[in-house]
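Observations on the model geometry
The primary structure of each chain is shown beneath.
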Amino acid sequence: MINIIVQLSKYIIIALMAAYTFSCFSVFTRNYEDEERRVLIRQDVLLFMMQFIAFAVMYLTTDDLRILFIYAALMVVLLGVILLYNLVYPSVSRLVVNNMCMLITVGMIMITRLSADNETPYGSSVRQLIFVVLGVAFGLIVPVLIRKLTFLDKWTWVYAGVGGAALLAVALFAPKSGGANLSFKIAGFNIQPSEFVKILFVFFVAASLNRAREFKNIVVTTAVAAAHVLILVVSTDLGAALIFFVVYLVMLYVATRQPLYALAGLAAGVLAAIAGYYLFSHIQVRVEAWQDPIATYTGSGYQVAQSLFAIGTGGWFGTGLFQGQPDTIPVAETDFIFSALTEEMGVIFGLCIILVCISCYVMFLNIAMELHNRFYKYVALGLGTCYVFQVFLQIGGVTKFIPSTGMTLPFVSYGGSSMLSTMIMFGIIQGLYIVREDEEEMIEKEKERRARHGMGRTAAGKTPKSAARFEEVPRQRTGKKQRPHSK
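Residues numbered from 1 in each chain as written. Predicted model: local features only at pLDDT ≥ 70, side-chain atom pairs only at ≥ 80, totals over all residues. Heavy atoms only, no water.

As a reminder, the rule being used: UniProt positions are given in the numbering used here, feature names are shortened, and annotations may be inferred rather than shown by experiment.
As named in an unreviewed UniProt entry, the chain is FtsW/RodA/SpoVE family cell cycle protein, taken from Candidatus Mediterraneibacter quadrami. Here is the UniProt Subcellular location (unreviewed entry) comment for the chain, exactly as written: "Membrane".

1. Thoughts on the overall build of the chain
Using the following cut-off: Helix and strand definitions here come from DSSP, where helices need a minimum of 4 consecutive H or I residues and strands a minimum of 2 consecutive E residues; each element is numbered from the N-terminal end. Each radius of gyration is computed over the set of C-alpha atoms, and the globule rule expresses the reference value as 2.2 Å times the number of residues to the power 0.38. With a 1.4 Å probe rolled over the protein chains alone, any residue whose accessible area is under 20% of its type maximum counts as buried; one over 50% counts as exposed, and the rest are partly exposed. Contacts are assigned to residue pairs with any non-hydrogen atoms lying within 4.5 Å of each other. Here the accessible surface of atoms and residues is derived via Shrake-Rupley with a 1.4 Å probe, and residues count as covered only by protein chains that are part of the display.
If you tally the helices and strands in the chain, you get 17 helices and 4 strands. Taking 23 Å as the expected radius of gyration for a compact globule of 487 residues, we find that the chain reaches 23 Å, a close match to that expectation. Along the longest, intermediate and shortest principal axes, the C-alpha atoms of the chain span 80 × 55 × 40 Å. When each of the 487 residues of the chain is scored for burial, the buried share is 53%. Considering only contacts in the chain between residues 6 or more positions apart, those separated by 24 or more positions represent 73%. Within the structure as shown, the chain displays about 21,400 Å² of accessible surface, and the carbon and sulfur contribution to it stands at 67%.

2. Some thoughts on the state of the cysteines
Rules: Two cysteine sulfur atoms make up a disulfide if the distance between them is within 2.5 Å.
Counted under the stated rule, the structure contains 0 disulfides. In this model Cys352 remains outside any disulfide bridge; the closest cysteine sulfur is found in Cys24, 9.3 Å from its own. Left without a disulfide partner, Cys360 is nearest to the cysteine sulfur of Cys357, which lies 6.3 Å away.

3. As for the side chain of Gln394
Residue placement: Gln394 occurs in helix 15 (residues 374–398). Since its relative accessible area comes to 2%, Gln394 is described here as buried. Residue contacts for Gln394: discarding those within four places in its chain leaves Thr334, Asp335, Phe336, Ile337, Phe338, Met407, Thr408, Leu409 and Ser413.

4. Concerning the packing of aromatic side chains
Going by this rule: Note on aromatic pairs: the rings of Phe, Tyr and Trp (six-membered ring only in Trp) are paired at centre separations within 6.5 Å, and the planes decide the class, stacked below 30 degrees, edge-to-face beyond 60, tilted for the rest. Lysine NZ or arginine CZ positioned within 6 Å of the ring centre and within 35 degrees of the ring normal marks a charge as sitting over the ring.
Per the counting criterion, the structure on display carries 20 aromatic pairs. Here the aromatic residues Phe151, Trp155, Tyr159, Phe203, Phe375 and Tyr376 are joined through ring pairs into a cluster of three or more. It is Arg113 that lies over the ring of Phe322; its NZ or CZ is 4.5 Å from the centre. One residue, Arg436, lies across the ring of Tyr433, its end atom 4.6 Å from the ring centre.

5. Topic: a nonpolar patch on the surface
Filter applied, for reference: Here, patches come from residues exposed beyond 30% relative accessible area and free of salt bridges, joined within 9 Å for like charges and within 5 Å for nonpolar side chains (Val, Leu, Ile, Met, Phe, Trp, Tyr). Any carboxyl oxygen of Asp or Glu within 4 Å of a side-chain nitrogen of Lys or Arg constitutes a salt bridge here.
Nonpolar side chains collect at one region of the surface, where Met1, Ile2, Ile4, Ile5, Leu8 and Leu60 lie side by side and expose about 580 Å² of accessible area between them. Residue contributions to the nonpolar patch peak at 4 residues, all from helix 1 (residues 2–26). Mapped onto the fold, Ile2 is located in helix 1. The partly exposed category is assigned to Ile2, whose relative accessible area is 40%.

6. Some points on helix 2 (residues 33–62)
Cut-off, in case you're wondering: The span expected for a helix works out to 1.5 Å for each residue beyond the first.
Its 30 residues give helix 2 an end-to-end C-alpha distance of 44 Å, which sits within 8% of 44 Å, the value for a rise of 1.5 Å per residue. Backbone geometry just downstream of helix 2 places Asp63 in the positive-phi region, at approximately 55°.

7. Examining the pattern of salt bridges
Note that side chains of opposite charge can pair when their charged atoms are close. Taken as a whole and assessed by the stated rule, the structure comprises 6 salt bridges. With a shortest N-O distance of 2.9 Å, Arg94 and Asp44 are connected by a salt bridge. Of this pair, Arg94 sits in helix 4 (residues 94–114) while Asp44 sits in helix 2, and the two are 50 residues apart along the sequence. The residues Arg94 and Asp44 share a single accessibility class, namely buried. Residue Asp64 is joined to Arg66 by a salt bridge in which the shortest nitrogen-to-oxygen separation is 2.9 Å. In this structure Arg66 comes out as partly exposed when scored by relative accessible area, which is 42%.

Written out as structure tokens, the structure reads:
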């Protein structure tokens, strides 16, 4: 009987996830706020239904009450997240909040399933839940800081100095793990500084390019960015190095609109990759595993081969929770969690996860395009690129699309540094969303004031200072019918 329930539940979970994913994009087509609100409430219902069914199935399979306690704690935490954001920040993007909660739910389901057979059962899921709570605390504080601290664009060299020093400390003093210098162990927890430095890096590049875009400043900014990347390469933290490199290229191109800079950066990146291959044996091992994981199955290709076997075994609909063998994949809770998900929940479910991540990125781009302050615009673009490229590296690595880089899947993979840094990133994005609303409100008030006093241009033909700073990026505001205004 339990086997029948498990097999039926996987189809229900896929259907709920597919409906949620569809709503992530359908919300952009809603013309009125009431319609949007109904879609977002429906997302919450789908989220908690899927959570209930998944944990109920795991309890029936294991008959372990600890799963019910984890479920109850997770439900309370996520319900608190949704309510707190509505109460504290009623003008933030509800779509981003819902997607964050959905990805956390998916990660908690899989981590709970994988940790059932550990030496300390469910220890990983309990720790992950603690990371979620800490991340929520940061995520609720960050938006108000972004709104209140108006001098963030002045700290250019503070961002560069702190970030570079943190990466250098890791390269020099951190113990090696899997052939790379990645983290320090503090109070029993591994802290990976590069997860937080990527946020400082985005702020550095945004502040520098906002200050000046002349060739001299571009050279200086590029040199500092290259120093960050080189330190990561020396640490053999290749995934983070790739993220820093791609984020800088995207931000540089958007700021300057010079294709030559982008092409030169790509050429330099290709040359660096070739040099890195011959200089570091760690890179050669990963490339060999990517080229033919079956031929190197007993060595470097074992992880990738097991990942592909898991995805193939799951097929479109998965084997069902506790019906597969995802625990045979090395580091399944972190680097290869997408493979574990697709084995037991199916490729369709995995595709939905990818689309949910893409919908987050679309919202980030929407916020970046509609911000009038150039510094904030660059920050939103950089953080969005950082997020989506990390998703690409993680999923591309486990599916053999690219060599594995050891990156985590944001909000889904186990890890405190990843959870906290991603929560801070989303908090910054929410703060920028509020800043955008403030900008629009000021523009509307200025228009009303000018219309009321018959002002337009001054006698000298100039725009009043209070309105001029918002005219960098003109945008038509359509009021209540504006499309993704309140997502």
